Amino acid sequence: PLKQPFKVKFDNVQDALKYFFTGGIYGTHYAWNKVCRRSLFENIEWPKISTREDACISVQLFSKARKFIVTEEKFYYYLQRTDSLIHCSYLNISKREDSVKASEFVINFIERNFPDLLPEALFHPTFGFFDVIMEYIKLDVHDGRQIINQFVSLLRDKYFRMRRELKRQKRKLDMGYDLKFSRKKLLAMNLFAYCPSLIVFALKIYFKRHGLGGIKK
């Protein structure tokens, strides 16, 4: 819990966006934990997707905002529905496709407007890819292998593109405030990048031994 409200002020847009990618829970792309000035929404591009659209909107809002106040005070209620799209399985085609579209939207926005932050844009918004891969490794579905390969390929593409961009910029990746989580994710991306088949096979065995794999859908 927060001991007291605090303000975060940015001197430039790049710092605001870096906070968006690396700020932990306060830099999250979710819409439900924010109240924004109406003026920030002027000229915002709204993607035509059903889920994860908040990432696409939030990255644009962060590129405009200069000050944040983080507080535990509650300003509105957020209703959680167990049958909502965000809570449904990635077997839902729309949710699966939208996770890719949202990631591409954020990456393209940063590449067009703030190319120096492209490595962070390639690394941090790909959490949904891991969710899809893990869910399909656990499930026994007819197109499971195809979906796993698709998202492993997407993950590998982002990883190697990130490495090339970091080399071009001659710097290291900004891992953000949650270093433990980011390091685990970077390790996972490394493993999927260089030995994807072995990792998928090992995870399948692990999940089955722990009663988490082979679930028929």
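Please refer to the structure placed before this passage.
Here goes a summary of the coordinates provided. Every chain's residues receive numbers from 1 upward, in the order its sequence appears when written. Selection of residues for local features in this predicted model requires a pLDDT of at least 70, selection of side-chain atom pairs for listing and counting requires 80 or more, and totals for whole chains, interfaces and linings are taken over all residues. The side-chain quantities take in all heavy atoms of the structure and omit both hydrogens and water.

**Points about the packing of helix H7 (residues 179-194) against helix H8 (residues 196-209)**
So the rule is basically this: Lines fitted to the C-alpha atoms define the axes, with helices restricted to the stretch that makes contact. Angles between their N-to-C directions range from 0 to 180 degrees. Labels follow the DSSP assignment, with helices taken as runs of H or I lasting at least four residues and strands as runs of E lasting at least two, numbered in each case from the N terminus. In this analysis, two residues are considered to be in contact whenever any of their non-hydrogen atoms come within 4.5 Å of each other. Any residue that is not Ala, Val, Leu, Ile, Met, Phe, Trp, Tyr, Cys, Pro, Asp, Glu, Lys or Arg is counted as polar, Gly included; the first ten are nonpolar and the last four charged.
In contact at an axis separation of 5 Å, H7 and H8 are set at 115 degrees when each is read in the N-to-C sense. Between H7 and H8, the residues in contact are Leu191, Phe192, Ala193 and Tyr194 and Pro196, Ile199, Val200 and Leu203, respectively. For the contact of H7 with H8, the class distribution of residues is 8 nonpolar, no polar and no charged.

**Digging into H7**
As a reminder, the rule being used: Multiplying 1.5 Å by the helix residue count minus one yields the expected span of that helix. Only protein chains enter the calculation, and the probe is 1.4 Å; a residue is then buried if its accessible area is under 20% of its type maximum, exposed if over 50%, and partly exposed in between. In this context, the arc is that of the directions from the helix axis out to the C-beta atoms.
Over its 16 residues, H7 extends 22 Å from the first C-alpha to the last, a length consistent with the 22 Å expected when each residue adds 1.5 Å. Among the residues making up H7, those that are buried are Ser182, Lys185, Met189, Phe192 and Ala193. Projected onto a plane normal to the axis of H7, the buried residues spread over an arc of 100 degrees and lie on a single side. Facing away from the buried surface of H7 by more than 90 degrees, the exposed residues are Lys180, Arg183, Lys184, Leu187 and Tyr194. The inward-facing, buried residues of H7 contact helix H4 (118-123), helix H5 (127-138), helix H6 (144-169) and H8.

**Quick look at the pattern of salt bridges**
Just so we agree on the cut-off: Whenever Lys or Arg places a side-chain nitrogen within 4 Å of a carboxyl oxygen from Asp or Glu, that contact is recorded as a salt bridge.
Per the counting criterion, the structure on display carries 8 salt bridges. For aspartate 83, the salt bridge goes to arginine 81, with nearest N and O atoms at 2.8 Å. Under the relative-accessibility criterion, arginine 81 is labelled partly exposed at 43%. Here arginine 168 makes a salt bridge to glutamate 165, at a shortest N to O gap of 2.5 Å. In this pair, arginine 168 and glutamate 165 both sit in helix H6, 3 residues apart, roughly one turn of the helix. Judged by its relative accessible area of 55%, arginine 168 falls in the exposed class. Classification of glutamate 165 by relative accessible area gives buried; the value is 11%. Several salt bridges share partner residues, and in doing so they unite Glu104, Asp157 and Lys158 into one network.

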